[in-house]
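Fold and contact review
Read off the chains here:
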Amino acid sequence: MDPRPVEQRELEALSRRERQRQLRGTFAGLAEIVVALVIGLFVGALVMDGAGYDWKLAYEGLLIGAFGDQWAIADTLASATPLILTGLVFGLSARAGYFNIGAQGQMIVGALAAVAVGAHVSAPPVMAVTLTFLAAALAGALWALPAALLKATRGVHEVISTIMFNWIAHYTALYMVFNVLNDPRSAERTVRVLPEARLGAIIPGADMTAAIFVAVGVALFMYWLLWHSPWGYEMRIAGLNPSALRYAGASPLWSVNLTFILAGIAAGIAGATQIIGRPPTYALYGDLSNVRNLGFDGIAVALIGRNHPLGIILAAIFIGAMGAGSRMMQIMAGVPLDMVRIVHGTVIIALAAPEVWSLLGKFLSRGRARREAASTAHSKTVQR
Amino acid sequence: MPDRSAPPAGAAGQYKPVSVLAGAPPWLEMRGITKVYPNGTRALENVDLRVAKGEIHGLLGENGAGKSTLMKILSGILPFTSGRILLGGREVSLRSTHDALAHGIGMVHQHFSLVPTFNALDNIILGRGASLASPDRAAARKRIQRLMEETGLHAPLDIPIEQLPVGTQQRIEILKTLDRNVDLLILDEPTAVLTPQETDQLFEVLNGLAARGTTIILITHKLREVLALTNAVTVLRSGRVVGSRLTEGATAQDLARMMVGTERLPEVKERRQHEKTEPVLRVAGLTVKGDGGQDAVKNVSFEINAGEIFAIAGVTGNGQSELIEALSGLRPIANGRAYLLGHSINGKGPRELYRMGLAHVPEDRHRLGMVAQFSVLENSILGVHHEPRFRRGLPGTLHWGKVRRYARDLVHRFQVVTPSLATPMRSLSGGNQQKLVVGRELAKSPSLIIAGQPTRGLDVGATAAIRDLLVDIRNEGKAVLLVSADLDEVLALADRVAVMYEGEILAILERHEFDRERIGLLMGGVHDGSAAG
C-alpha cells in the first residue's frame, strides 16, 4: 500500500492553492491600498467641494507641495523622519503581541534628554551628536520600562500605563521647559543645543537633516531584528503564541521587556531628531509644538505600513508628504488648515481601517483563546 | 459516608429499579441517532437510548465514545444527521436549547455558565432571560428559596459566584437549570471537579430529585458512580451502543469489559531486548499543583529505563497533563524530586532540560508544539533556534540557509508532506504537523522523549508512522514516556503501563500482566475489585 501517488497529487494541489492564495493576498493587499486611497481622497474632495473650495486645485497643491521640487521632497522626508521612528514603536510592539501607545511620552522625554545633553555637554561634533542620540534613546527606554515591568509583574494593561506615562511626560516637559531648561533670552522655549550637537540641513532652505538616515537605519535594524535574529524570532512567537515560546525554552516576559525597551529607544531617538535635527531652532518649544502628535501619528503610520519596518518607512513618507503638501494646499486653493486636516484624516482612516479591523480581530480572538484555555485547564475531563 | 449500594431514599419498602429494562414505560426515547460531522467523522452510529420517568440513567464510556455528543443532541446544542427523539411517545424537534428547555430538558455542563461577579440570585434570574432590574426579584427569591427547600440544594443567594467553592457553584448551576421547570436533567461528568464529600452530597440530592419524579441522565466514566447512583446504564464505545443493562447485579468488571471491549492486544513492531541499566528518569514522590491550586499529581513515583516505553494510561484529566508539564519544565514541582540521568530536574526550565537530554512532544501541539502562522521552515527550529549552528558569523544573525538545509532534512527524514518549506504550518494536515513536531524532537537526539497523546486526532497512516517512530527510538535504546488516553495505543506500544486515576498511580503493570479488563477497571478507579477514593 503505497500512498505516495495520492500524496503527490495532494501536494501539487496544495502548492497550487498556496500560490493562488499568495497571489490573491498580494493583489488584495495592493487593491486594498488603492481603494482606500481613492475613497479617502474622494471623501476629502466631497468635503472640500461641499465647503465651496476647489478640490482639484487643492490636490494639485498637495502634490506640488510634497513632491514638486527638491525642497518639497526634502520637507516631505523631514516630516517623515520622526514618523518612521514612532511608527516603529507601535509596529514592533504589535508584532510582539501588544498595544504600545506610549510613543508620545517616550518621545517627549527623549527630546528633553536631547536638550539637556545637547545644550550642556561640549564635545567634537560627531561625538556630541552621538552622545545626544544615546541620551535620548536611554531616556526613551527608561520611560518605557515602568509600563513593561507593570505588565510583567502586576499584569497592568499596557494601554492604560502608557497613556498615563504619556501625560506624565507631557506635564514634566512643560515644567522642564519653563523652569529647568528655559532659555532666559527666549522664555517660550528651552535653551538651544550647542552648535556641535546640531545636524545641519542637507539642502539649504529645507528642513531635511541626516536624521532621516538615522531613522531609516533604525528601521532596517528592526527589520533585521525581527526576521534575521533569534531574538526577533522569539518576539514574533511571543506575539502569536506565548505558550509555544515557553515550550521553546524562552521567556515571553523577557521578549515583552526587550520589545518595550527597543520601542522606547526608537521613541527616544524620534524625540532627539526633533531637537537636533530640526533647523533652525534646535530647542523644545513650550507648547511642545515640535513633538506634538508625532507619537500618535506613528500609530497611523504603523497601521498603514502593516507593522512591517519597510512598510513603515513608506507609510511615514506618505504621511510626511501629506504634512509637507498641506502648505501648498492652503496657498493654492485657499483651503484653511482645519479643512486640510479633515482631508488628511479621511485618507488616513481609509488606509488604516483594514489593519485596525484585523488587529482588533486578533486581539479579541487571543483573549477568547486565553479564556478557553483557562476554562479547559480548570476542568478535569475533556470529552468529545 | 452513606451506603451507596442501598436503594435511593424515598423508595421505601421493597426496591424495584425505575427503568425501561425493569418494565417501566419509556418516557424518553432516542431512536437510531446518527451524527456525522461535516468533515466526515462519524461521532454516533445508530444509537438507541430509552429512559423511564424518574429514572437515574448512567451513560458510560471512554473519552470520545460519544456520550457528550449524544447529550448535546438531546439538549438541542448539536443537530443530528438522522434518527428520532420521542418524549412521552410523541416525536419532538430539538433545534435549540430553547426547544429543549421548552420540553423540560436541561443540561448542566462541565464548564459552568455562571457570571463570576454576580451572585446566585442574579445568575438564576439571568438564566430565565429576565432583566435584573425587573420588579419580580423578590418573587424570584421566594421561588428559588422554595426550590431549595424542596430539593435540598442549598446555596447562598447573595454572595458573588467567584467567592464560592466549586461544589456550591455546581449546586447553583443545577438550581438554575431546575428553575426552568426541567424534568429531564442531564449532568456531564458532574463529579469531575468535586471533593468526595461534595460528591456524596450531590448524590443525595440527585436521589431526592429522582424520587420526586425528575429524570436524570448522568454522563460519566467512573464505574463507582454508575454502581452507586443509577438504576440502569447504557455503555457507548466509539459512537455505538455496546449495551444497556440494569445496574442492579452488575459488577465493576462487567461494566469495565463493556467500556473497553475485549479485543486481543494489537500487533506491535518487533522490539529488541535490552540489558537493564541505570534508570533514565527517576521520579520520587512527585506532587504537582493544577491550575486551580489543587494537587493534580499526588505523590507519584516511577522509573523509566533506557530502551523502554513507559506508558501512562488513564482517562484524560487525571493528572497526566500536569505530570508531563512538570517533567518538561513548564509547571513547577510542588513536592518530591525527579532525576534525568541522575541529575535533578527540579527548578529547571525547558531549555536546560533540553540540554540535559529531554525532548517533548506536547499533548496540545497546536498551542505548545508549533506556531500555526509560522512557516514549516520557522517551526522546524522551534526550541533549538538559539543554537550557534544556525548562526552566521555576524553576531546573532540567523543563517536561514542553514535552517533551510536542516528543515529540508527533517521533512525528508520524517516524510512530512508539505508543498514547500514556506508553507504556513496551519495549512498542513494534522498528521504532517505532528510528523514535523515529532521529527524535530527526535532530531534533538534525546535520552528521554516525552510524548503526550502523540496520535490524537491523526489519520490511520500518520498514527502508524508516529507509533513506528516511537518503537524505533525505543529500540535504539532511548527511554520513552508515553502518555495516552488511547488504551489500544498503550497496550500496543508500552513495555510497562502505569494507570493514573485522580492524580495517583494506582498500579504499574509489566507487559506480561497487560489485561484490558484490569486496566479498564483501574482507569475507572477500581483497584483489585474494590472501589478506590
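Predicted model, so just to flag it, every value in this text is computed and none were measured.

A word on the overall build of chain A. If you tally the helices and strands in chain A, you get 13 helices and two strands. Contacts spanning at least 24 positions in sequence make up 75% of the contacts within chain A whose residues lie at least 6 apart. Surface exposure of chain A reaches about 17600 Å², of which carbon and sulfur atoms provide 68%.

Moving on to the interface of chain A and chain B. Each partner contributes residues to the interface: chain A has 35 residues there, and chain B has 56 residues. Carbon and sulfur atoms make up 55% of the surface buried where chain A meets chain B, a total of about 4000 Å² over both sides. For B:E378, the salt bridge identified is with A:R236, shortest N-O distance 2.9 Å. The interface formed by chain A and chain B holds 17 residue pairs in polar contact (both at pLDDT 80 or more) in total. Put simply, the parts of the chain that give the side of chain A that touches chain B at least two residues each are α1 (4–50), α7 (211–228), α8 (230–240), α9 (242–247) and α13 (337–378) of chain A.

Moving on: the packing of helix α5 (residues 166–178) of chain B against helix α6 (residues 196–211) of chain B. What describes two packed helices is the angle between their axes and the distance between those same axes. Residues and elements named next belong to chain B. Direction vectors running N to C along α5 and α6 enclose 15 degrees, while the axes themselves pass 10 Å from each other. With respect to α6, the element α5 is oriented roughly parallel. The handedness of the crossing between α5 and α6 comes out as right-handed. Residues G167, T168, Q170, R171, I174 and L178 of α5 lie in contact with α6, whose contacting residues are E198, Q201, L202 and L209.

Residues and elements named next belong to chain B. In this structure, strand β11 (residues 279–289) lies alongside strand β12 (residues 295–305), joined through seven bridges in antiparallel fashion. The partner of L281 across the bridge, within β12, is I304. Following β11, the chain reverses through five residues before pairing antiparallel with β12; G293 in that reversal takes a positive phi of roughly 90 degrees.

All names here are of chain B. Taken as a whole and judged by the stated rule, the model has six cavities of 30 Å³ or more. At the level of secondary structure, the elements contributing two or more residues to the lining of the largest cavity comprise α10 (350–355) and β16 (358–361). The element best represented in the lining of the largest cavity is α10, accounting for four residues. Of the residues assigned to the lining of the largest cavity, the class counts are nine nonpolar, four polar and three charged.

All names here are of chain B. Mean pLDDT over chain B works out to 86, with 91% of the residues at or above the 70 mark. Confidence drops under pLDDT 50 across residues 1–14; counting only partners more than four residues distant or on other chains, this segment forms 14 contacts. Segment residues 529–533 is flagged for pLDDT under 50; beyond a separation of four residues in sequence, or across chains, it makes seven contacts in the model. The complex prediction reports pTM at 0.73, with the ipTM value standing at 0.77.

Moving on to the packing of helix α2 (residues 55–67) of chain A against helix α12 (residues 309–333) of chain A. All names here are of chain A. Interaxial distance between α2 and α12 falls to 6 Å at its minimum, and their mutual angle equals 130 degrees. In terms of axis orientation, α2 runs oblique to α12. Between α2 and α12 lies a crossing of right-handed hand. Residues L57, A58, E60, G61, L62, I64, G65, A66 and F67 of α2 pack against A321, M322, A324, G325, S326, M328, M329, M332 and A333 of α12.

All names here are of chain B. If you walk across this open sheet you meet the six strands as β16-β17-β18-β13-β19-β20, and the pairing is mixed. Unpaired on one side and paired on the other, β16 and β20 (504–510) mark the two borders of the sheet. Neighbour-to-neighbour, the strand axes of the sheet open up by a mean angle of 15 degrees, direction not taken into account. Bridge count between β16 and strand β17 (residues 448–452): four bridges; the pairing is parallel. Residue pairing across strands places A359 opposite I449, the latter belonging to β17.

This next bit is on the environment of B:G342. All names here are of chain B. Considering the arrangement of structural elements, one finds G342 in the loop between β14 (335–340) and β15 (343–344). Exposure remark for G342: the relative accessible area of 58% places this residue in the exposed category. The spatial distance from the C-alpha of G342 to the C-alpha of P279 is 8.1 Å, given a sequence separation of 63 residues.

Now for helix α6 (residues 158–180) of chain A. Looking at α6(A), one finds that the buried residues are A:E158, A:S161, A:T162, A:F165, A:N166, A:A169, A:A173 and A:V177. Tucked inside the fold, the buried residues of α6(A) contact α4 (103–120), α5 (125–154), β1 (182–183), β2 (186–190), α10 (252–276) and α11 (294–304) of chain A.

Moving on, we come to a nonpolar patch on the surface. Residue and element names in this part refer to chain A. A grouping of V35, I39, F42, V43 and L46 is seen on the molecular surface, where their side chains present a nonpolar patch of about 440 Å² in accessible area. Position of V35 among the secondary structure elements: in helix α1. Relative accessible area serves as the criterion here: at 46%, V35 is assigned to the partly exposed category.

Here the structure, examined in full by the defined rule, presents ten aromatic pairs over all chains. For the pair A:F90 and A:F99, a centre-to-centre distance of 5.2 Å together with 85 degrees between the ring planes defines the contact as edge-to-face. Residue classification places A:F90 among the buried residues on the basis of a relative accessible area of 1%. When its relative accessible area of 27% is taken as the criterion, A:F99 is described as partly exposed. Between B:F390 and B:Y406, the ring centres sit 5.0 Å apart and the planes meet at 70 degrees, which makes this aromatic pair edge-to-face.

Let us look at a positive patch on the surface. Together, B:R392, B:K402, B:R404, B:R405 and B:R408 make up a positively charged patch on the protein surface. With respect to the helices, strands and loops of the structure, B:K402 is situated in helix α13 (residues 400–413).

Glancing now at the layout of surface pockets. Residues and elements named next belong to chain A. Within this model, the second largest pocket holds a volume of roughly 1100 Å³. In this structure, the second largest pocket is lined by 35 residues; those nearest its centre are R292, L294, D297, G323 and R341. Only α3 (70–95), α10, α11, α12 and α13 provide two or more residues apiece to the lining of the second largest pocket. The dominant element in the lining of the second largest pocket, judged by the number of residues it contributes, is α12, at eight residues. For the lining of the second largest pocket, a count of residues per class yields 16 nonpolar, twelve polar and seven charged.

All names here are of chain B. Strand order across the open sheet formed by four strands is β2-β1-β4-β5, with antiparallel pairing between neighbours. Taken across any chain shown, the strands that pair with only one partner, and hence form the sheet edges, are β2 (42–52) and β5 (90–91). Contacts from helix α1 (residues 67–74) reach β1 (26–36), β2 and β4 (82–87), with the element oriented near 115 degrees to β1.

Another point: α2(A). All names here are of chain A. In this model α2 runs 18 Å from its N-terminal to its C-terminal C-alpha over 13 residues, within 8% of the 18 Å that 1.5 Å per residue would give. Turning to α2, its buried residues number three or more, namely A58, Y59, G61, L62, G65 and A66. Projected down its long axis, α2 carries its buried residues within an arc of 155 degrees, all on one side. Across α2 from its buried face, at more than 90 degrees, point the exposed residues K56 and L63.

Turning our eyes to something else, we now look at the nonpolar core. Membership of the largest hydrophobic core comes to 100 residues, with the highest contact counts inside it found for A:M48, A:I84, A:I275 and A:L284. Ignoring anything within four residues of it in the chain, the contact list for A:I84 reads A:I212, A:A215, A:V216, A:A219, A:I312, A:I313 and A:A316. Core analysis: the next-biggest nonpolar cluster, separate from the first, contains 81 residues, A:A250, B:V233, B:V384 and B:V497 among them.

All right, on to the domain arrangement of chain B then. Residues and elements named next belong to chain B. Domain annotation for chain B reports domain 1 (20–104 + 183–259), domain 2 (113–180) and domain 3 (307–334 + 345–531). Computed over C-alpha atoms, the centres of domain 1 and domain 2 are 25 Å apart. Both faces combined, the contact of domain 1 with domain 2 buries some 1100 Å², and carbon together with sulfur accounts for 66% of it. On inspection of domain 1 and its partner domain 2, the count reaches one salt bridge. R212 is the partner of E150 in a salt bridge, and the nearest nitrogen-oxygen pair spans 3.5 Å. Of all the secondary structure elements, the ones that give two or more residues to the side of domain 1 that touches domain 2 are β7 (184–188) and α6. For the side of domain 1 that touches domain 2, the leading source of residues is α6, giving five residues. Within the side of domain 1 that touches domain 2, the residues separate by chemical class into nine nonpolar, one polar and two charged.

Calculation notes
- Residues numbered from 1 in each chain as written.
- Chains lettered and ligands numbered in written order.
- Predicted model: local features only at pLDDT ≥ 70, side-chain atom pairs only at ≥ 80, totals over all residues.
- Heavy atoms only, no water.
- Helix = DSSP H or I, 4+ residues; strand = E, 2+ residues; numbered from the N terminus.
- Contact = heavy atoms within 4.5 Å.
- Areas by Shrake-Rupley, 256 points an atom, 1.4 Å probe, with all protein chains shown as cover.
- Buried area = accessible area lost by both parts, 1.4 Å probe.
- Salt bridge = Lys/Arg side-chain N within 4 Å of Asp/Glu carboxyl O.
- Polar contact = N/O pair within 3.5 Å; in protein donor to acceptor, adjacent residues only side chain to side chain.
- Axes fitted to C-alpha atoms, helices over the stretch in contact; angles between N-to-C directions.
- Parallel < 35°, antiparallel > 145°, perpendicular 65-115°, else oblique.
- Left-handed = near helix turned anticlockwise from the far one by under 90°.
- Pairing = 2+ DSSP bridges.
- 1 Å grid on protein atoms, 1.4 Å probe; cavity = no way out; pocket = protein on both sides within 12 Å on 5 of 7 lines; lining within 4 Å.
- Points joined across faces, edges and corners; volume = space filled by probe spheres on them.
- Nonpolar A, V, L, I, M, F, W, Y, C, P; charged D, E, K, R; others polar.
- pLDDT = per-residue confidence, 0-100.
- Buried < 20%, exposed > 50% of the residue type's maximum accessible area, 1.4 Å probe, protein only.
- Patch = residues over 30% accessible without salt bridge, like charges linked within 9 Å, V, L, I, M, F, W, Y side chains within 5 Å.
- Phe/Tyr/Trp six-rings, centres within 6.5 Å; stacked < 30°, edge-to-face > 60°.
- Lys, Arg positive; Asp, Glu negative; His and termini not counted.
- Charge placed at Lys NZ, Arg CZ, Asp CG, Glu CD.
- Expected span 1.5 Å × (residues − 1).
- Arc of directions from axis to C-beta.
- Core = buried A, V, L, I, M, F, W, Y, C linked by side-chain atoms within 4.5 Å.
- Domains from an automatic or database assignment.

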